[in-house]
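Breakdown of the fold
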Amino acid sequence: MRVGVLIIAFCLLSVSMRAGEDFIALLLSEIHEEGNAGSSQEDFRCITVGPNMMEKVLDMMSKNADTANKQIRKVLPHIKSLRIFTALQNRAFYAETANGLLTKNKSRYKHYSSNNHSKIWLRKNRDAVIELIILSTGDDGFKILNLTGEMSAEFVSELLRM
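Anyway, here's the lowdown on the structure attached to this text. (Residues numbered from 1 in each chain as written. Predicted model: local features only at pLDDT ≥ 70, side-chain atom pairs only at ≥ 80, totals over all residues. Heavy atoms only, no water.)

**Comments concerning the sheet that holds strand β1 (residues 44-49)**
Selection rule: Being paired, for any two strands, means DSSP has found at least two bridges between them. A helix here means a DSSP run of H or I that spans at least four residues, while a strand means a run of E at least two residues long, and both kinds are numbered starting from the N terminus. Axis definition: a line fitted to C-alpha atoms, over the contacting stretch in the case of helices. Angles run 0 to 180 degrees between N-to-C directions.
On the basis of which strands lie adjacent, the open sheet formed by 6 strands has the order β1-β2-β6-β5-β4-β3 and antiparallel pairing. The sheet is open, and its two edges are formed by β1 and β3 (110-114), each paired on a single side. For this sheet, the mean angle separating the axes of adjacent strands, direction not counted, is 15 degrees. The sheet contact formed by strand β5 (residues 128-138) and strand β6 (residues 141-151) spans 9 bridges and is antiparallel. When the bridges of β6 are listed, threonine 137 appears paired with phenylalanine 142.

**Topic: the pattern of salt bridges**
Going by this rule: We define a salt bridge as a side-chain nitrogen of Lys or Arg found within 4 Å of a carboxyl oxygen belonging to Asp or Glu. With a 1.4 Å probe rolled over the protein chains alone, any residue whose accessible area is under 20% of its type maximum counts as buried; one over 50% counts as exposed, and the rest are partly exposed.
Applying the stated criterion across every chain yields a total of 4 salt bridges. Between aspartate 140 and lysine 143 there is a salt bridge; the shortest N-O distance is 2.9 Å. Classification of lysine 143 as partly exposed rests on a relative accessible area of 28%.

**Examining the side chain of threonine 86**
The criterion, for reference: We call two residues contacting when some pair of their heavy atoms lies within 4.5 Å.
Mapped onto the fold, threonine 86 is located in strand β2 (residues 79-87). Contacts of threonine 86, omitting those with residues within four sequence positions, involve Asp43, Phe44, Arg45, Phe142 and Lys143.

**Here we look at the packing of aromatic side chains**
We apply this condition: The criterion for an aromatic pair is that two Phe, Tyr or Trp rings (for Trp, the six-membered ring) have centres within 6.5 Å, with stacked assigned to planes under 30 degrees apart, edge-to-face to planes over 60 apart and tilted to the rest.
One pass over the full model with this rule turns up 5 aromatic pairs. Pairing phenylalanine 44 with phenylalanine 85 gives two aromatic rings, centres 5.1 Å apart and planes at 25 degrees, and the pair type is stacked. Of this pair, phenylalanine 44 sits in strand β1 while phenylalanine 85 is found in strand β2, placing the two residues 41 residues apart along the sequence. Accessibility assignment for this pair places phenylalanine 44 and phenylalanine 85 in one class, buried. These aromatic residues form a ring-pair network of at least three members: Phe44, Phe85, Phe93 and Tyr94.

**Notes on unusual backbone geometry**
Notably, asparagine 90 is not glycine yet its phi reads approximately 50 degrees, a positive angle. Mapped onto the secondary structure, asparagine 90 falls in the loop between β2 and α5 (91-104). Under the relative-accessibility criterion, asparagine 90 is labelled partly exposed at 38%. Located in the positive-phi region is arginine 126, a residue other than glycine, with phi close to 60 degrees. Here arginine 126 is to be found in the loop between β4 (118-125) and β5.

**Structural notes on the environment of aspartate 43**
For clarity, the cut-off: We call two N or O atoms a polar contact when they sit within 3.5 Å, provided that within protein one can donate a hydrogen and the other can accept it, with sequence-adjacent residues counted only if both atoms are side-chain atoms.
Mapped onto the fold, aspartate 43 is located in the loop between α2 (23-34) and β1. Reaching out from aspartate 43, the side chain makes a polar contact with the side chain of asparagine 90 at a distance of 2.6 Å.

**Section: helix α6 (residues 153-161)**
An α-helix turns once per 3.6 residues; consequently, residues spaced three or four apart project the same way. As a reminder of what qualifies: The directions from the helix axis to the C-beta atoms form the arc being described.
Among all positions in α6, only Phe155, Val156 and Leu159 are buried. Seen end-on, α6 carries its buried residues on one side only, within an arc spanning 100 degrees. Across α6 from its buried face, at more than 90 degrees, point the exposed residues Glu154 and Arg161.

So this is what it looks like as structure tokens:
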């Protein structure tokens, strides 16, 4: 699963920058505004890789030409930022809050697909996908992968096949 390789690569970079009003920014705002008694900073981790770091990753990868890197290099130019939210504790609370926020903002985010362990949502500007959100639940807990950029529907399909 190449998406797993991509996630691990970005986790290792663990850079913390503000990426604007993407879904995770809305989620964090919702969590803090409600002053949820069941949540605290120790409950979750949020990693952001912004545009500057994306450029550095592309530069580093251009020096290595293996097959996985070729695929990742093909993907990265379309991505402006990447955020990963991981619930360390109170996983059900964060999953419920994220799903509720998506439902509450259904005019902004459209459901794309689902399976037993994940739900994928998109935000579009005309025909371009400008945000991709993957909610994932499994044995390792609840995670959100949030990509922003300018992506075509074909690109999203290709990315999800990796």
